[in-house]
Amino acid sequence: MVLGFCLFAAILVGAGLGTALAATKNIQNMENVGEYHPALPSQILDVEDRLITEFFSDEKREIVSIDELPKHLVYALITREDRDFFQHRGFSFRGTLRAVWNVLTGRYFSGGSTITQQLAGHLYADRTDISVTRKLRELWWAFQLERSLTKYEILENYLNKMYFGSGVYGVEAASRFYFSHSAREISLAESVALVVQLANTVRYNPLKYPNRLRKIQHEVLQQMVALGYTTQEEAELSFEEYWNNFDYTRASSSSAFLEREDRAPHFSEYVRQQLEEMLYGSLNIYKDGFIVHTTLNLDFQAKADELMRQGLAQINTEYRSTSDRRMVYAEEQFVPLIDLMSLAFNLEDLRVAGSKERQNAQKEYRKRLNPTLDVLALVFGVDDLKFTARMGYALEKKAAQRTTVEGALVAIDNTTGHIVSMVGGSRFESINQFNRAVQAEVQPGSAFKPLYYAAAVEGRKITPATMLYDSPVVFWNDDGSPYTPMNFKGEWKGPVLIREALARSMNVPSLKVLDLTGFDAAINTASALLGIQEPEQIARVFPRKYPLGLGIIRVAPIQMARAFSIFANQGREVRPFGVRYIEDRNGKIILEPEKELRNELRRKGREAQIVSPQTAYIMTNLLRSTVDWGTLSYAKNTVGGFTMPMAGKTGTTQNWSDIWTVGFSPYYTTAVWFGFDQPGNSLGVTQTGAISAGPVWAKFMKEIHKNLEPRDFPRPDGITEVTVSARSGLLPPPGYPGKTVKEVFIAGTEPKKFDDLSEFEAERDFQSMERLRNALLPQDLELKDPGAEGGLRIDNSLLRLDLRLPDTGSDSITNPLLD
């Protein structure tokens, strides 16, 4: 019976081996057996060819010689995987028959392969194919390996090429991932922990199932003692040391890719997504060993990381402080009254008493108890506890999105579009990979104003010397709804020139600029500057209502940086990008995205001119005033001024929920944003774009320009300078007693009229109008149909009389002193 079975097995092995040999195509020459081109990670380099990080997926390997590895690692491997390794010639007949029998009878797949067979299968067969044919093909290649390589060469190849779980291949990469040190320094217990991964990388994963690993690790150590590879004392000491130092708090979802060394993780993820689009369907960025030359400057990035960490810490501290003060005030002033009402009228849903205690208890659980619960779940292997802990983390994350201030910074080269620095948030990890610099959709607030000011300058609707009135006013949307904007802190300046209106971020004059420009021109220019091209997206992003002028749209910081960089680039399109060119593992250039982009912009010709060079210069000149004496002057002063010309704009949204600074030099543009991932909360009135975001921007810009040669913004032809009245923006007549300023204009748009009122007379008239308005019209009138033909519109806030006359071809007759 036994003889018959052995004969049958021999026939089966011979037939299968012949089939495997016949099916093997392009068999390598014997001298090439053992040669292997392993998967290599792609290297991501900065603009100076310094390593940022590496991309890998299935395989992350570092080659180490067998002579450099401790002997107890080899002994652990032999004990666990192949105790007859140094005696056999490539396979264990008993183990192979057992594996064949299990497959034929449909029982579990028990393996039975020698170390040499495992290596052969990894190199030359599909290990996912559980069949006799695959096992025989594996066996044939094992013979070739044994004939061509020494036993130690086989062990070296095996340890450097096999999978150890969590996305790492090779013992060196595995040791660094699991233990944070080289395999050259691996301990006895650590060696066993790694070897166990070879059998089942999921079941015995140290991060997910430490108790399972602990049990099997102890068994293998005792087997090594029995085989004489170590002493009982050494095994126990190493085992205790391993578990006494084990970090139970390390994330169970960790992988080598997420825990890779990365000096700019948000930028690297941005580049990875770009590469997957560029190489889709043809090449593999995780295995093909590309060298990706990017635009990032690691020196700039280090400074950006430092400043954003400091900024986020400061802003979060101030937010918590102001929130606590508001809560104390509410508890003292309103909670007793609300509780009294709930008791008096028996309104349980209105009752506040006890809610604070419940909130504090929930916060205490999420902050202190839930992490402890998670550790206990890992220590004792209780899945229900683990699920509860994960639910706690999910609740904590959701709460943090509403109460934790996040931020983003992105800097680009004005001429090339190179992204030189990118910070996408407070940290980058498995549960927080959101890149706010690119993916966030947040309101820009007043930082949006220059985009439609540019449309007004381009359309010759305004000049820097155009005078507008800053005072309460009602704007009427197309649907008949009124809109009454307010300035910051409710302050009004009266007559102001465009330069001051923009530098001090006045809302009413800005909305008058939008009104003069028209929604079509304003939206067309703004969308072109932001790089929004699709008509459907334009219609979705830009509402045709006056609140648009205060930046209620949603954009990403990188879009705002692009828009402002176009001003610095004399109105020509700037397209931010991160990859310059890509080489294969042999150094051959295979893709040149930067060259392709340059050619595309060159082919666009005039279409790449978003606004004229003259408009870009006027806008740059206006925005320099914001830095010199406007809302960014505070930030400028915090760094002791700049040696380079700077221009920019701050932004603070309604309810102080988002704060911005976007600004540029002749070299670079940087956008800085702080706010919440989930809308609906307020940073508090003490935090604005000027006070909180501005200093971060100023410090970063000063740092990255410290070694650059100072230069001015280029001035195109067609720009003229004219001396005008500082009050009216008109030409001062001979002997004019008032203050004058030198202003810049696009040639042909400079004022032609003289200011015929003295400073005293103008001030007197204005004060008289204010007194008359307050005396005659103490309250605003509610107008049911302000645009009715032939109707009289009385705008209390301006004392402006617009007589809408039918069939005259004129919209209104307006008092020239008040409009």
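Look up a bit, the structure's there.
Below: a short report on this structure. Computed from a prediction, not measured in an experiment: that's the story for all the values here.

## Description of empty space enclosed by the protein
With the rule as written, the count across this model stands at 4 cavities of 30 Å³ or more. What the second largest cavity holds in volume is close to 70 Å³. Those elements giving two or more residues to the lining of the second largest cavity turn out to be α22 (557–568) and α24 (613–628). Ranked by residue count, the leading element in the lining of the second largest cavity is α24, at 4 residues.

## Re the sheet that holds strand β13 (residues 658–664)
Sheet strands line up and pair through hydrogen bonds in the backbone, either parallel or antiparallel. Strand order across the open sheet formed by 5 strands is β5-β4-β14-β13-β12, with antiparallel pairing between neighbours. The open sheet has two edge strands, β5 (419–423) and β12 (647–652), and neither has a second partner. With strand direction ignored, the average angle separating the axes of adjacent strands in the sheet is 5 degrees. Here β13 pairs with strand β14 (residues 668–675) via 7 bridges, running antiparallel. Its bridge partner being in β14, W660 is matched across the sheet by W673. Its contacts with the sheet put helix α26 (residues 689–704) on β4 (406–413), β5, β12, β13 and β14, and the angle it makes with β13 is roughly 30 degrees.

## Examining the side chain of E190
Tracing the backbone through its elements, the reader meets E190 in helix α8 (residues 188–199). For E190, the contacting residues outside a window of four places in its chain are F179, H181, E185, Q217 and Y242.

## Examining the packing of aromatic side chains
Throughout the structure, instances matching the rule amount to 25 aromatic pairs. Ring geometry for F85 against F86: centres 5.1 Å apart, planes inclined by 75 degrees, an arrangement best described as edge-to-face. Here the aromatic residues F177, Y178, F179, F239, Y242, W243 and F246 are joined through ring pairs into a cluster of three or more. Sitting above the plane of the F85 ring, K151 keeps its charged end 4.3 Å from the centroid. One Lys or Arg, R711, reaches over the ring of Y667 and ends 3.8 Å from the middle of that ring.

## Re the nonpolar core
Formed by 90 residues in total, the largest nonpolar core has its most connected members in F267, L275, V410, Y453, L530 and F542. The element contributing the most residues to this core is α22, with 8 residues. One finds L123, L149, Y204 and L221 within the second-largest nonpolar core, a separate group that totals 54 residues.

## Some points on the packing of helix α17 (residues 449–458) against helix α20 (residues 519–530)
At a closest axis distance of 8 Å, the pairing of α17 and α20 adopts a crossing angle of 120 degrees. As summarised for this structure, α17 and α20 are arranged oblique, according to the angle between their axes. α20 is crossed by α17, and the crossing has right-handed handedness. Where α17 abuts α20, its residues L451, Y452, A454 and A455 lie against A521, A522, T525, A526, L529 and L530. Its residues assigned to classes, the contact of α17 with α20 comprises 9 nonpolar, 1 polar and no charged.

## Description of the environment of S725
When you line up the elements, S725 lands in strand β15 (residues 719–725). As for S725 and E743, which are separated by 18 residues in sequence, their C-alpha atoms are 9.6 Å apart. At a separation of 3.2 Å, a polar atom in the side chain of S725 contacts the side chain of D755.

## So, the packing of α17 against α24
Packing of α17 against α24 leaves a shortest axis separation of 9 Å and a crossing angle of 130 degrees. By the angle class used here, α17 and α24 are oblique. Crossing angle aside, the handedness with which α17 passes α24 is right-handed. Contact residues: P450, Y453, A454, V457 and E458 in α17; T615, I618, M619 and L623 in α24. Each residue belonging to the contact of α17 with α24 can be placed in one class, and the counts come to 7 nonpolar, 1 polar and 1 charged.

## Quick notes on the sheet that holds strand β10 (residues 579–583)
On the basis of which strands lie adjacent, the open sheet formed by 5 strands has the order β2-β1-β3-β10-β11 and mixed pairing. Looking at which strands have only one partner, the edges of the open sheet turn out to be β2 (51–55) and β11 (589–591). When the angles between neighbouring strand axes are averaged without regard to direction, this sheet yields 30 degrees. In this structure, strand β3 (residues 291–294) lies alongside β10, joined through 4 bridges in antiparallel fashion. By the bridge assignment, V292 is partnered in β10 with I582. Each of β1 (42–45), β2, β3, β10 and β11 touches helix α11 (residues 265–278); the most contacted strand, β2, lies at about 50 degrees to it. Those strands touched by helix α23 (residues 593–604) are β10 and β11, and its axis lies near 135 degrees from that of β10.

Quick notes on the rules
- Throughout this document, residue positions are counted from 1 along each chain, in the order its sequence is written.
- Where local features are concerned, this predicted model is filtered to residues with pLDDT of at least 70; where side-chain atom pairs are given and counted, the filter is 80 or more; whole-chain, interface and lining totals use all residues.
- Excluded from the side-chain calculation are hydrogens and water; included are all heavy atoms of the structure.
- Cavity: a set of points on a 1 Å grid over the protein atoms alone where a 1.4 Å probe fits but cannot get out. Pocket: an open set with protein on both sides within 12 Å along at least five of seven lines, its lining residues, like those of a cavity, having an atom within 4 Å of a point.
- Grid points are joined across faces, edges and corners, and a volume is the space filled by probe spheres set on the points.
- Only runs of H or I of at least four residues qualify as helices and only runs of E of at least two qualify as strands under DSSP, and these elements are numbered from the N terminus.
- In this analysis, strands are considered paired if DSSP registers two or more bridges between them.
- Here the axes come from fitting lines to C-alpha atoms, over the contacting stretch only for helices, and the angles between their N-to-C directions go from 0 to 180 degrees.
- Throughout, a contact is declared for two residues whenever any of their heavy atoms are within 4.5 Å.
- For this analysis, a ring pair means two rings from Phe, Tyr or Trp (six-membered ring only for Trp) whose centres lie within 6.5 Å, classed as stacked if their planes differ by under 30 degrees, edge-to-face if by over 60, and tilted for the remaining angles.
- Geometrically, a lysine NZ or arginine CZ counts as sitting over a ring once it is within 6 Å of the ring centre and also within 35 degrees of the ring normal.
- Buried Ala, Val, Leu, Ile, Met, Phe, Trp, Tyr and Cys residues that are joined via side-chain atoms within 4.5 Å together make up what is termed a nonpolar core.
- Only protein chains enter the calculation, and the probe is 1.4 Å; a residue is then buried if its accessible area is under 20% of its type maximum, exposed if over 50%, and partly exposed in between.
- For classification purposes, an angle smaller than 35 degrees is called roughly parallel, one larger than 145 roughly antiparallel, one from 65 to 115 roughly perpendicular, and anything else oblique.
- Each crossing gets its handedness from the near helix: less than a right angle anticlockwise from the far helix is left-handed, clockwise is right-handed.
- Note on residue categories: nonpolar means Ala, Val, Leu, Ile, Met, Phe, Trp, Tyr, Cys or Pro, charged means Asp, Glu, Lys or Arg, and polar means any other residue, Gly included.
- Nitrogen and oxygen atoms within 3.5 Å of one another constitute a polar contact, given that in protein one can donate a hydrogen and the other can accept it, and given that sequence-neighbouring residues count only through two side-chain atoms.

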